[in-house]
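Residue-level structural notes
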Amino acid sequence: MKKRLISSYDEINDTFVGKVDGEHGYCADYGISEGVYLGINNAKVPTSIIVPHASEVLNTSKEILESPDVKININCDGICLHFDMCIENSKICSIKCRNHFGIPNLNYLLDCNI
């Protein structure tokens, strides 16, 4: 499933935020890795991401994080969650973790360029 991602980066606070276009509210935020938080809705589907101290957590420059060309792929098989984040077609983050969050089976592409 493809959805449009609205992303922003606050250089002063070094915070990256991404939100699925058209989604309102959330049920819970879960830490899927050190410093990477995924927001889900009542149906347990991811609707947002927040990364405080983003340049440090993602080990990339603030200039890269300012790019509007962001893609996030979230793949969940019910047991494991795979999260990949690309900026300007370069993978800057790849996370694999146990799905302790109740996220259903899904393959979700969030893209700023849709």
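1. Here we look at the packing of aromatic side chains
In total, this model carries 1 aromatic pair according to the counting rule given. Ring plane angle 40° and centroid distance 5.0 Å describe the contact between Y30 and F101, whose orientation is recorded as tilted. Here the residue Y30 occupies a position in strand 3 (residues 28-33), and F101 occupies one in the loop between strand 8 (90-98) and strand 9 (106-111), the gap between them amounting to 71 residues.

2. Looking at the state of the cysteines
The bond known as a disulfide is covalent and runs between the sulfur atoms of two cysteines. The tally for this structure, following the rule as stated, stands at 0 disulfides. Of all cysteine sulfurs in the structure, the one in C80 sits closest to C76, which takes part in no disulfide; the separation is 8.1 Å. The cysteine C80 is free of any disulfide, with C97 supplying the nearest cysteine sulfur at 7.8 Å. Look at C80 and you get buried, because its relative accessible area is 15%.

3. Points about the pattern of salt bridges
Overall, the coordinates contain 2 salt bridges when judged by the stated rule. For R4, the salt bridge identified is with D21, shortest N-O distance 4.0 Å. Linking R4 in strand 1 (residues 2-10) with D21 in the loop between strand 2 (15-20) and strand 3, this pair joins segments that are 17 residues apart in sequence. Its salt-bridge partner being D84, residue K91 comes within 3.8 Å of it at the nearest N-O pair.

4. As for the sheet that holds strand 3
Adjacent strands of a sheet form backbone hydrogen bonds with each other and so pair up, either parallel or antiparallel. Across the sheet, 9 strands lie side by side as 3-4-5-2-1-9-6-7-8; this open sheet has mixed pairing. Of all the strands in the sheet, just strand 3 and strand 8 have a single pairing partner and so form its edges. Each strand axis lies, on average, 20° off the axis of its neighbour in the sheet, ignoring direction. Bridge count between strand 6 (residues 70-76) and strand 7 (residues 80-87): 7 bridges; the pairing is antiparallel. Bridge pairing in strand 7 places C76 opposite L81.

The rules behind these values
Note on numbering: residues in each chain are counted from 1, in written sequence order. Local features are withheld for residues below a pLDDT of 70 in this predicted model, meaning they are given only at 70 or higher, and side-chain atom pairs are given and counted only at 80 or more; totals for whole chains, interfaces and linings count all residues. By convention in this description, side-chain values take in all heavy atoms of the structure and omit both hydrogens and water. Pairing of aromatic rings covers Phe, Tyr and Trp, the last counted by its six-membered ring, and requires centre-to-centre distances within 6.5 Å; plane angles under 30 degrees mean stacked, over 60 mean edge-to-face, and any other angle means tilted. Only DSSP runs of H or I covering at least 4 residues are called helices, and only runs of E covering at least 2 are called strands; the numbering of each starts at the N terminus. The disulfide definition used here is simple: a pair of cysteine sulfur atoms within 2.5 Å. The buried label goes to any residue with under 20% of its type's maximum accessible area, the exposed label to any with over 50%, and the partly exposed label to all in between, with areas taken from a 1.4 Å probe on protein chains only. Take a side-chain nitrogen of Lys or Arg and a carboxyl oxygen of Asp or Glu: if they are within 4 Å of each other, that pair is a salt bridge. One requirement defines pairing of two strands: DSSP has to find at least two bridges between them. In this analysis, axes come from line fits to C-alpha atoms, helices being fitted only over the stretch in contact, and the angle between any two N-to-C directions falls in the range 0 to 180 degrees.

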